[in-house]
Amino acid sequence: MKKMYVLLAASIIITSCTIVRPGEVGMIQKVGVIKPQPVIEGAKAYNPFVAKIIKVNVRVTEVFSKLIVPTKEGLSIDAEISLLYHINPDSAKAVYVRFGQNFEEVAIMTNFRATTREITARYYATELYSTEREKIESAIKEQMTAAVHKYGFIIDAVLLKDIVLPDQITKAIQNKVQAQQEALQMDYVIQKQQKEAERMIVEAEGIKKSQDIINSAMTEAGLKYKYIDMMKHLATSSNAKVIITNGEVPVMIGNE
């Protein structure tokens, strides 16, 4: 009998003590009334017959959701979105009193689904997939903050993890990317041809200038000088030579 009392006493002691861990806020509920003073971290004893300690997680929590969301052109696409939030420790009691222990589904997820669908309906499917992700994430975070911050929730981040587009949209995007690549290639070819044409113009202008200089030097006196210089080199050459003239220009052959 004595052993039974000992076991009963030990059981009461065990069930009348709890530990509030880091990242938690404890609240003592006694006879249906929650005391205003929160329980600090560590072990806490209480009377299990008239009281209990409620613990609320105030760490950053990630909730992941797969949603079918609308787009501006009226399509429905599959989206995988994460929301990171936490409860303000000073508001833990208010959150519990207002929403109960199912606060995440009641306050967070309900607003998250509605807000996400409202925001995505402002954008085209291609914008969700590529160009406007950051804007969409920021818009959802901003609207979620406006909806739940007053209750004690803090929205840390919204992440669009994956967007699954319909096949026809995916194909259209691929075709657009291919067309852009082809256009860039064509621009490169055109620029290359333009550079080649410029090079040929510069080369032709150089040849023309050279010809103009040569032609400007082709005067009668200049030609006679060239002729005399040529005959001088012929005269000093040891090779046999035959000189044919028109009979007008004098021929001077000699040895130095």
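An account of the accompanying structure is given in this report. Model, not experiment: these values are computed from the prediction.

## Some thoughts on helix α2 (residues 92-99)
Every buried residue belonging to α2 is among Ala92, Val95, Tyr96 and Phe99, and all of these are buried. Along the long axis of α2, the arc covered by the buried residues comes to 95°, so they all point the same way. The exposed residues of α2 that point more than 90 degrees off its buried face are Val97 and Arg98. Taken from the residues just after α2, glycine 100 is the one with a positive phi, measuring 75°.

## Quick notes on the pattern of salt bridges
One pass over the full model with this rule turns up 7 salt bridges. One salt bridge connects glutamate 118 with arginine 122, and the closest N-O pair in it is separated by 3.4 Å. Looking at glutamate 118, the relative accessible area reads 41%, which means it is partly exposed. Note that lysine 135 and glutamate 132 form a salt bridge whose closest N and O atoms lie 3.4 Å from each other. Classification of glutamate 132 as buried rests on a relative accessible area of 16%.

## Examining helix α3 (residues 103-120)
It helps to recall that an α-helix has 3.6 residues per turn; residues three or four apart then point in one direction. With 18 residues, α3 extends 25 Å between its outermost C-alpha atoms, agreeing within 8% with the 26 Å of an ideal straight helix rising 1.5 Å per residue. Along α3, the sharpest kink reaches roughly 30°, centred on methionine 109.

## Looking at the nonpolar core
Core analysis: the largest hydrophobic core is formed by 39 residues, its most contacted members being Leu83, Phe103, Phe112 and Phe153. Among residues more than four places away in sequence, those in contact with leucine 83 are Thr61, Glu62, Val63, Ile108, Phe112, Met144, Ile155, Ala157 and Val158.

Cut-off values and rules
- Residues numbered from 1 in each chain as written.
- Predicted model: local features only at pLDDT ≥ 70, side-chain atom pairs only at ≥ 80, totals over all residues.
- Heavy atoms only, no water.
- Buried < 20%, exposed > 50% of the residue type's maximum accessible area, 1.4 Å probe, protein only.
- Helix = DSSP H or I, 4+ residues; strand = E, 2+ residues; numbered from the N terminus.
- Arc of directions from axis to C-beta.
- Salt bridge = Lys/Arg side-chain N within 4 Å of Asp/Glu carboxyl O.
- Expected span 1.5 Å × (residues − 1).
- Bend = angle between axes of the 7 residues up to and from the residue.
- Core = buried A, V, L, I, M, F, W, Y, C linked by side-chain atoms within 4.5 Å.
- Contact = heavy atoms within 4.5 Å.

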